[in-house]
Amino acid sequence: MSENVILVTGHKSPDTDSFCSALGYANLKTQMGMPAKAICAGKANKETSFVLDYFKVEHPEIVTSFAVRIKDVMEKVPAVDAAASLEDILAWRNTHDMNRVPVVKDGKFVGVVLPSRLIDALAGAWLDKKTVTALDIVSKAGCQLVSPELKLKEFDRGHAGAFPVVDGDTYFGMVRSKVEAPKEKQKVVLIDHNEKVQIIDDIEDAEIIENIDHHRIGGLTTENPIFIHYEPVGCSCTIVANFYWQYGQEIPKHIAGLLLSAIISDTVLFRSPTCTPKDVETAKKLATIAGVDLEAYGLEMLKAGADVSDFSDEQIVRTDMKEFGANGQVISIGQLTTMNAEEVLTRKAALLKALEDLRASNNYAASYIMVTDILKESTNLLFAGDAEAIVAAAFGQEPKEQEVFLANTLSRKKQIVPQILGAMK
């Protein structure tokens, strides 16, 4: 967690808009004196990787959970060396007020000195007049070790006192049995999503302070009043770019490139029905700032993202996948954008099997993958699960072999999700 730094994140299975809107908005907050950092819920896809490489921007840190972990609340107290004397051990206990003393040898964790062993050693050393070291009385028996990555809410506080925080044989510090989560929660801005199922896990351990999106409202709830900006445009980055201008902030060249790229991606270079005049106007201004030819760069970027020749079947069905809930059920809808849908569909049988594996492993009511052809401006929708009736009702045609062809269809947000969720109700 980033103390006093606002984290800005897009949705799970992040696409170009999710990455670039988080990076752009985090930079805006920082420019305005509110330190912020962009994070992401997963690795960049090919298209986004092309964008990051083109504008020389580092991949944001991947965060899959907002849970408070042991490493966030442990005390980074030093261990005693195996050669430490009884006097050294007593001095450590007096300094740190902990009943278990961690011991390392050659930099590696070997165990702890328990209170009973220390008392016996002190008595024996006094009676027998002999030297005793930490290694002589160290013990691993009855010593509960705690991983630094363990979620605090899963911490089994098996005894009173303190526990060594260890990973393998590496010692990190000690955590007290009475430790509590920080009162000040990590502040988080959600961008390009607002549905609970799309948010990074354990959001209840953090505090949502803002939500910026261009999708439907998906049932987000918060503990406190927050800043919300929803706008029916084609891309979250259109909103972010206009925030810069609204607040009188200059857009750095590389940030302009990121924001432009997301608009091109989400609107499929202005071909999508979600595209608005505001998206087009914003993209043209950003292209000037970024110093790129909008059409040439856009086609190069889309082509880079459309190459799936080296993708496994599982990777294809998970491409840009989002979860949606309706009527007490959860479904997944992914979207693969390509310049040759026919080539992808030669793998249809294998893709349907991978799609069913995805559905079954996550207990989804159904799983869908849009194979969207940029050049033909159409989508072949494949699905797994008992969804024939829903697909037929949603699109007015009977599916054949778990597939429907949808002409003039590029947008999941506008042309797929409302129809499917509506048919589920």
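Here is what the cut-offs are and how they apply
- Residues numbered from 1 in each chain as written.
- Predicted model: local features only at pLDDT ≥ 70, side-chain atom pairs only at ≥ 80, totals over all residues.
- Heavy atoms only, no water.
- UniProt positions renumbered as here; feature names shortened; annotations may be inferred.
- Salt bridge = Lys/Arg side-chain N within 4 Å of Asp/Glu carboxyl O.
- Helix = DSSP H or I, 4+ residues; strand = E, 2+ residues; numbered from the N terminus.
- Buried < 20%, exposed > 50% of the residue type's maximum accessible area, 1.4 Å probe, protein only.
- Core = buried A, V, L, I, M, F, W, Y, C linked by side-chain atoms within 4.5 Å.
- Contact = heavy atoms within 4.5 Å.
- Domains from an automatic or database assignment.
- Buried area = accessible area lost by both parts, 1.4 Å probe.
- Polar contact = N/O pair within 3.5 Å; in protein donor to acceptor, adjacent residues only side chain to side chain.
- Nonpolar A, V, L, I, M, F, W, Y, C, P; charged D, E, K, R; others polar.
- Disulfide = S-S within 2.5 Å.
- Pairing = 2+ DSSP bridges.
- Axes fitted to C-alpha atoms, helices over the stretch in contact; angles between N-to-C directions.
- Parallel < 35°, antiparallel > 145°, perpendicular 65-115°, else oblique.
- Left-handed = near helix turned anticlockwise from the far one by under 90°.

As recorded by an unreviewed UniProt entry, the protein carries the name inorganic diphosphatase and is attributed to Veillonella seminalis ACS-216-V-Col6b. Database annotation for the protein, UniProt heading Catalytic activity (unreviewed entry): "diphosphate + H2O = 2 phosphate + H(+)". Turning to the protein, the UniProt record has this under Cofactor (unreviewed entry): "Mn(2+)".

J.: What is the right way to read the pattern of salt bridges from this model?
T.: Using the criterion set out here, one finds 25 salt bridges in the structure. Taking the shortest distance from any N to any O, the salt bridge between Glu-61 and Lys-37 comes out at 2.5 Å. Taken as a pair, Glu-61 in strand S3 (residues 61-62) and Lys-37 in strand S2 (residues 36-40) lie far apart in primary sequence, 24 residues in all. Judged by relative accessible area, Glu-61 falls into the partly exposed class, the value being 42%. The class of Lys-37 is partly exposed, set by a relative accessible area of 29%. Here Glu-231 makes a salt bridge to Lys-278, at a shortest N to O gap of 2.7 Å.

J.: What's the story with the nonpolar core in this structure? I'm lost.
T.: Most often, soluble globular proteins have nonpolar side chains that are buried together. Of all hydrophobic cores here, the largest spans 51 residues; its most connected members are Tyr-25, Leu-258, Leu-259, Leu-260 and Tyr-297. Element by element, the count of residues in this core is highest for helix H8 (residues 253-267), at eight residues. In this view, Leu-258 contacts Cys-20, Leu-23, Val-51, Leu-52, Phe-55 and Val-57; residues no more than four positions away in its chain are not counted. By size, the runner-up hydrophobic cluster in this structure holds 26 residues, among which are Val-80, Leu-118, Ile-137 and Tyr-171.

J.: Mind showing me how you'd approach the domain arrangement of the protein here?
T.: Note on interface size: it is often stated as the accessible area lost on association of the parts. Looking at the protein, the domain boundaries give domain 1 (6-64 + 185-305), domain 2 (71-176) and domain 3 (313-424). A C-alpha centroid distance of 24 Å is found between domain 1 and domain 3. Counting from both sides, the interface comprises 21 residues of domain 1 and, opposite them, 16 residues of domain 3. Both sides together, the interface formed by domain 1 and domain 3 hides about 1,600 Å², and carbon and sulfur atoms give 59% of it. On the domain 1 side of the interface with domain 3, the three residues burying the most area are Val-197, Arg-271 and Pro-273, jointly 27% of the side's total. Run the count over domain 1 and domain 3 and you get one salt bridge. One salt bridge connects Arg-271 with Glu-377, and the closest N-O pair in it is separated by 3.8 Å. Taken together, the links from domain 1 to domain 3 amount to six residue pairs in polar contact (both at pLDDT 80 or more). Its residues assigned to classes, the side of domain 1 that touches domain 3 shows six nonpolar, nine polar and six charged.

J.: Help me out: how do you make sense of the state of the cysteines in this one?
T.: Between two cysteines, a covalent bond joining their sulfur atoms is known as a disulfide. What the rule picks out here adds up to zero disulfides. Cysteine Cys-237 shares no disulfide, and the gap to the nearest cysteine sulfur, in Cys-235, comes to 4.5 Å. Summary of cysteine pairing: Cys-275 is not part of a disulfide, and the nearest cysteine sulfur, belonging to Cys-235, is at 9.9 Å. Residue Cys-275 is classed as buried on the basis of its relative accessible area of 18%.

J.: Please clarify how the pairing of S2 should be interpreted in this entry.
T.: S2 sits mainly inside the fold: four of its five residues count as buried. Alignment of strand S1 (residues 6-9) against S2, held across four bridges, turns out to be parallel. Bridge pairing in S2 links Thr-9 to Ile-39. With two bridges connecting them, S2 and S3 associate as parallel partners.

J.: Where do I start with the sheet that holds strand S16 (residues 403-407) in this structure?
T.: In space, the five strands of this open sheet follow the order S12-S13-S14-S15-S16, with mixed pairing throughout. The open sheet has two edge strands, strand S12 (322-326) and S16, and neither has a second partner. This sheet shows a mean twist of 25° between the axes of neighbouring strands, independent of strand direction. The pairing of S12 with strand S13 (residues 329-338) spans five bridges and is classified as antiparallel. Bridged to Lys-322 within S13 is Ile-333. Helix H13 (residues 348-362) rests against S13, strand S14 (366-373), strand S15 (378-385) and S16 of the sheet, and its axis sits at about 50° to S15. Set on the sheet, helix H14 (residues 388-395) makes contact with S14, S15 and S16; between it and S15 the angle comes to about 155°.

J.: Which parts of the structure should I look at to understand the packing of helix H1 (residues 16-31) against H8?
T.: Contact pair H1 / H8: the axes reach a minimum separation of 9 Å and the direction vectors enclose 150°. Our classification of the angle between H1 and H8 gives roughly antiparallel. The two elements H1 and H8 meet at a crossing, and its hand is left-handed. Along its contact with H1, which presents Thr-16, Asp-17, Cys-20, Leu-23, Gly-24 and Asn-27, the element H8 presents Ile-255, Leu-258, Leu-259, Ser-261, Ala-262, Ser-265 and Asp-266. In the contact of H1 with H8, the residues fall into six nonpolar, five polar and two charged.

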